[in-house]
Amino acid sequence: MPERKRWPSIPRKVMMPGGPVVVVLTRRTIRHENSECWGLYDIERRTITIDVKAEPRQRWRTFYHELTHVAVIDSGLANNLRDKIHEALCDAMATARMRERFG
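The rules behind these values
- Residues numbered from 1 in each chain as written.
- Predicted model: local features only at pLDDT ≥ 70, side-chain atom pairs only at ≥ 80, totals over all residues.
- Heavy atoms only, no water.
- Buried < 20%, exposed > 50% of the residue type's maximum accessible area, 1.4 Å probe, protein only.
- Helix = DSSP H or I, 4+ residues; strand = E, 2+ residues; numbered from the N terminus.
- Pairing = 2+ DSSP bridges.
- Disulfide = S-S within 2.5 Å.
- Expected span 1.5 Å × (residues − 1).
- Contact = heavy atoms within 4.5 Å.

Student: Looking at this model, I keep getting lost on the pairing of strand E5 (residues 39-42). Mind explaining?
Tutor: For a regular strand, side chains alternate in direction, first toward one face of the sheet and then toward the other. Of the two faces of E5, the one lined by Gly 39 and Tyr 41 is fully buried and the one lined by Leu 40 and Asp 42 carries no buried residue. Pairing between E5 and strand E6 (residues 47-51): four bridges, direction antiparallel. Its bridge partner lying in E6, Asp 42 is registered against Thr 47.

Written as structure tokens, this is what we have:
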């Protein structure tokens, strides 16, 4: 039987250019624009919420995706990006960070 990979804990607080961001893990279903999702960034509260029901790899990918939202918004780039491009950028960065950190 293959050995199960142990995933590190996701940080509960991250310092970003606009200030600290709190990371909350929840068992409640997360919804954005009438769709279920694995995570969400709340701009006003500077909080990333991640669904713990997701597999560990998906939780980490979601963390990096949402953290990219924070970076793009904090930098002001979000003011000039259409939503689809913003999402594609977050997906690309999440994929890159996953490969960089976990292979």
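Student: Explain the state of the cysteines to me, please; I cannot follow it from the model alone.
Tutor: A disulfide bridge is the covalent bond that connects two cysteines by way of their sulfur atoms. Per the counting criterion, the structure on display carries zero disulfides. Of all cysteine sulfurs, the one in Cys 90 lies closest to Cys 37, which takes part in no disulfide; the gap is 13 Å. For Cys 37, a relative accessible area of 23% corresponds to the partly exposed category. For Cys 90, a relative accessible area of 0% puts it in the buried group.

Student: Please explain helix H1 (residues 56-75) as it appears in this structure.
Tutor: The periodicity of an α-helix, 3.6 residues per turn, causes residues three or four places apart in sequence to face the same way. The terminal C-alpha atoms of H1, which comprises 20 residues, lie 29 Å apart, in line with the 28 Å expected from a rise of 1.5 Å per residue. Within H1, burial applies to Trp 60, Thr 62, Phe 63, Tyr 64, His 65, Glu 66, Leu 67, Thr 68, His 69, Val 70 and Val 72. Summarising the contacts, the buried residues of H1 are in contact with strand E1 (13-16), strand E2 (19-26), E5, E6 and helix H2 (83-102). Gly 76, located one to two residues past H1, shows a positive phi value of around 90 degrees.

All we've got here are geometric facts, nothing functional implied.
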